[in-house]
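Residue-level listing of the chains:
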Amino acid sequence: MKMIKRLTMALLAGLLAVGASATTVEVGGVKLEDSIDVRGSKLVLNGAGVRYKAVFKVYAAGLYLGKKAATPEEVLAAPGAKRMSITMLREIDSNELGKLFTRGVQDNAPKTEMSKLVPGLIKMGQIFSDQKKLMAGDAFMIDWIPGTGTVITVKGVPQGEPFKEPEFFNALMRIWLGPEPADWKLKDALLGKAA
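Here goes a summary of the coordinates provided. (Residues numbered from 1 in each chain as written. Predicted model: local features only at pLDDT ≥ 70, side-chain atom pairs only at ≥ 80, totals over all residues. Heavy atoms only, no water.)

## Observations concerning the packing of aromatic side chains
In this structure the tally under the stated criterion is 6 aromatic pairs. Seen in terms of ring centroids, Phe101 and Phe140 are 5.9 Å apart; in terms of plane orientation they differ by 55°. Their pairing is tilted. Here Phe101 is found in helix H3 (residues 94-108), whereas its partner Phe140 is found in strand E9 (residues 139-145), with 39 residues between them in sequence. Judged by relative accessible area, Phe101 falls into the buried class, the value being 2%. For the ring pair Phe163 and Phe168, a centre distance of 4.4 Å and an interplane angle of 15° mean the geometry is stacked. Across the pair, exposure class does not vary: Phe163 and Phe168 are buried alike. Here the aromatic cluster, defined as three or more aromatic residues joined through ring pairs, consists of Phe101, Phe128, Phe140 and Trp176. (Phe/Tyr/Trp six-rings, centres within 6.5 Å; stacked < 30°, edge-to-face > 60°. Helix = DSSP H or I, 4+ residues; strand = E, 2+ residues; numbered from the N terminus. Buried < 20%, exposed > 50% of the residue type's maximum accessible area, 1.4 Å probe, protein only.)

Have a look at this one:
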């Protein structure tokens, strides 16, 4: 009888652990899953935070990787699928956001890579320009999918053809994780460092 009781307790503990693992993290009022599936790859939330411009909240961001990484170098070198998930916290002109992203890439990309990045930056600028405005609650994702490339999805719709070069995804990640990040506190949050 004791054995059955122990097995029952162990089973209940296991079920509770499984239930607890499917949780969400709330950042700036946005709920992010602690794990997601990207085209068959299970990714975990590495870190999440809010991008501030002066005192204003602009967007909530979450970085998903195959396994946790604590440095920008580990994130960029990590194999497999990756995702940066961004949910707007205020209305913004999409063209302006595209320009800010381009500037973020320019500020953080090695100069030797910039010529290779220009076609992708032009294409990305067009993706944001086509959106006109992003409203509070609108989301977009930047996915790295091995064998496919970088896929940008805006409001649930993949935009154009994937960007094939891995350098382009890494250049985008440096917007948040590079030596001149968009927001230092957000950089730390995406790397899982406590605020």
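## A short note on the sheet that holds strand E11 (residues 157-158)
Overall, antiparallel pairing links the 7 strands, which are arranged E3-E4-E5-E6-E9-E10-E11 in an open sheet. Unpaired on one side and paired on the other, strand E3 (35-38) and E11 mark the two borders of the sheet. Pairing between E9 and strand E10 (residues 149-154): 6 bridges, direction antiparallel. Looking at E10, one finds that Ile142 is bridged to Ile152. Where helix H5 (residues 166-177) meets the sheet, it contacts strand E5 (56-65), strand E6 (82-88), E9 and E10, and its direction lies at approximately 135° from that of E9. (Pairing = 2+ DSSP bridges. Contact = heavy atoms within 4.5 Å. Axes fitted to C-alpha atoms, helices over the stretch in contact; angles between N-to-C directions.)

That is the geometry; function is a separate question.
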